[in-house]
Amino acid sequence: MPLLGLLPRRAWAALLSRLLRPPCASCTGAVRCQSQGTRDLSPQHMVVREKILDLVISCFKRHGAKGMDTPAFELKETLTEKYGEDSGLMYDLKDQGGELLSLRYDLTVPFARYLAMNKVKKMKRYHVGKVWRRESPSIVQGRYREFCQCDFDIAGQFDPMIPDAECLKIMCEILSGLQLGDFLIKVNDRRIVDGMFAACGVPESKFRAICSSIDKLDKMAWKDVRHEMVAKKGLAPEVADRIGDYVQCHGGVSLVEQMFQDPRLSQNKQALEGLEDLKLLFEYLNLFGIAEKISFDLSLARGLDYYTGVIYEAVLLQTPTQAGEEPLNVGSVAAGGRYDGLVGMFDPKGHKVPCVGLSIGVERIFYIVEQRMKTKGEKVRTTETQVFVATPQKNFLQERLKLITELWDAGIKAEMLYKNNPKLLTQLHYCESTGIPLVVIIGEQELKEGIIKIRSVASREEVAIKRENLVAEIQKRLFES
């Protein structure tokens, strides 16, 4: 069924009115500017993106994940009250029948809804898909209103911290494989965050609001975050100052041990539970050989409401820029955590399915790779064509069609020009400009002698082979290259 058939016209009109800006003064006729916070992807962009996605997905599969997908839109009630203050960033639609719908904000909540609806108690899945958020776009930080997410999640009741440690291992494998530069993964636990708030004197009713403020510390200075908590959210200044003492702390397992002795946190049951799990987590991280990439950071809060346990976020310490250039500031490039209560919110009987997962920030990674390629002047092949079928003579279209059919049927990626009588020089220039490595040439002399010429585009060397050996010879050359 066409996508348009899934929603009535009025719903699509509402969607388009939100996603598209009015035309600017420079627009003429039916031509419109591109919607703010979105982007077109050229063939060059798609080649780079597909390589990144292939690496990410292959890692997910290596760890045993199954692929799945969910609709681009959900019932609005499915998504509301799951994202805290960010709920206002959802794109809403309205059905003709009055059914309220929203474009998905992330891939996690739809996954939890899927588990509850289908009564799935155990699953390891990956999901690559677009999500939409009505936030201020920042192209220089790789942040858009429409963007792609790559998620990996483990659902089910398992022994503590084993799935969580694997998620961190996966993040390390992907970020190392992408060769983006040195990185650090910050970890914390929502129970430690809440325990810290309670120990500092934050009223329980303000926990989520203050958590949302703390989550901005990667973008704002502490004095600005403190001002927001005190002036806008009504937190007592002395309470904010106590929080400030904690959020400056970061380190390894030794800091976890230190927090066990903290006079405030050691009196809070929730915080102690979180610290016990982090201590166990670091044991597994050592066994995975990635502990040096992980930092216990008390400033990490993760603003989404559904997190219940371990949380983590990966940041680049240095992007691969040339000497003298400012490093690219794109924020976190991967994040995730444990959300044990989310599935139960969709189950009629409230049955919970513990879950932990991660999301790779593909758009930000893509922006970094794109900028690096621009700096280095790297060119990208936009096709995978291996062989070009050419002729130096007129009236040889039929022979070229027979030849290219033979190559296609053998699984060889081949092209030819869509002209009856193309010039040989034009055909060879096309191969050079598009990076096609081999040319097969057929003309009157070759046809008469039952041979085909194979030309290397790079070296310009030509060899003649028997027509019946063409496929085998090309496959041999492609294998050797």
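Residues numbered from 1 in each chain as written. Predicted model: local features only at pLDDT ≥ 70, side-chain atom pairs only at ≥ 80, totals over all residues. Heavy atoms only, no water.

### Considerations on the overall build of the chain
When you go through the chain residue by residue, the secondary structure sums to 16 helices and 17 strands. Sequence-distant contacts in the chain: of pairs separated by 6 or more residues, those separated by 24 or more amount to 68%. Carbon and sulfur atoms form 51% of the exposed surface of the chain, whose accessible area is close to 24200 Å². (Helix = DSSP H or I, 4+ residues; strand = E, 2+ residues; numbered from the N terminus. Contact = heavy atoms within 4.5 Å. Areas by Shrake-Rupley, 256 points an atom, 1.4 Å probe, with all protein chains shown as cover.)

### Observations concerning the packing of aromatic side chains
Taken as a whole, this structure holds six aromatic pairs when the rule is applied. On the numbers, 5.5 Å between centres and 35° between planes, the contact of F60 with F152 is tilted. Of this pair, F60 sits in helix α2 (residues 43–62) while F152 sits in strand β6 (residues 146–155), and the two are 92 residues apart along the sequence. The residues F60 and F152 share a single accessibility class, namely buried. Taken together, the aromatic side chains of F60, Y126 and F152 make up a single cluster linked through ring pairs. Across from the ring centre of F111, 4.1 Å away, lies the NZ or CZ of R125, which sits over that ring. In this arrangement the basic side chain of R133 is found over the ring face of Y105, its NZ or CZ atom lying 4.0 Å from the centre. (Phe/Tyr/Trp six-rings, centres within 6.5 Å; stacked < 30°, edge-to-face > 60°. Buried < 20%, exposed > 50% of the residue type's maximum accessible area, 1.4 Å probe, protein only. Lys NZ or Arg CZ within 6 Å of the ring centre and 35° of its normal.)

### Examining the pattern of salt bridges
Here the idea is simple: oppositely charged side chains can pair when their charged atoms come close. Taken as a whole, this structure holds 29 salt bridges when the rule is applied. The closest approach of N and O atoms between E473 and R477, which form a salt bridge, is 3.1 Å. Here the residue E473 and the residue R477 both occupy positions in helix α16 (residues 470–480), the gap between them amounting to four residues, near one helical turn. Judged by relative accessible area, which is 21%, E473 ranks as partly exposed. Under the relative-accessibility criterion, R477 is labelled partly exposed at 24%. Salt bridges linked by common partners bring R62, K169 and E173 together as one network. (Salt bridge = Lys/Arg side-chain N within 4 Å of Asp/Glu carboxyl O.)

### Quick word on the environment of S433
On the secondary structure map, S433 appears in helix α14 (residues 424–434). Separated by 52 residues in sequence, S433 and R381 have C-alpha atoms that sit 9.4 Å apart.

### Examining unusual backbone geometry
Unlike most non-glycine residues, K119 shows phi in positive territory, near 55°. Turning to its location among the elements, K119 is positioned in the loop between α4 (108–117) and β5 (123–132). Exposure remark for K119: the relative accessible area of 63% places this residue in the exposed category. The phi dihedral of N395 falls on the positive side, at around 60°, and the residue is not glycine. Its place among the elements puts N395 in the loop between β13 (387–390) and α13 (397–409).

### A short note on the packing of helix α6 (residues 190–200) against helix α7 (residues 207–214)
Two quantities define a packed helix pair, namely the angle between the axes and the distance from one axis to the other. Packing of α6 against α7 leaves a shortest axis separation of 11 Å and a crossing angle of 110°. Judged on the interaxial angle alone, α7 and α6 are roughly perpendicular. Two secondary-structure elements touch here, α6 through R190, V193, D194, F197 and A198 and α7 through F207, R208, I210, C211 and I214. A per-class count over the contact of α6 with α7 returns seven nonpolar, no polar and three charged. (Axes fitted to C-alpha atoms, helices over the stretch in contact; angles between N-to-C directions. Parallel < 35°, antiparallel > 145°, perpendicular 65-115°, else oblique. Nonpolar A, V, L, I, M, F, W, Y, C, P; charged D, E, K, R; others polar.)

### Considerations on α16
All buried positions along α16 are accounted for by L470, V471 and I474. Within α16, the buried residues cover an arc of 90° as seen down the axis, which keeps them to one side. What points out from α16, more than 90 degrees from its buried face, is the exposed set A472, F479 and E480. For α16, the secondary structure elements touched by its buried residues are β13, α13, β15 (438–441), β16 (451–456) and β17 (462–466). (Arc of directions from axis to C-beta.)

### Description of the UniProt feature "binding site: L-histidine" (unreviewed entry) in the chain
With numbering aligned to this structure, UniProt lists the feature "binding site: L-histidine" (unreviewed entry) at D106, L107, T108, R133, Q149, D153, R302, Y306 and Y307. In this fold, Q149 is placed in strand β6. Sequence-distant contacts of Q149, defined by excluding residues within four places in its chain, comprise D106, L107, H127, V128, G129, V131, R133, S359 and I360. Within the fold, Y306 resides in the loop between β9 (294–297) and β10 (310–316). (UniProt positions renumbered as here; feature names shortened; annotations may be inferred.)

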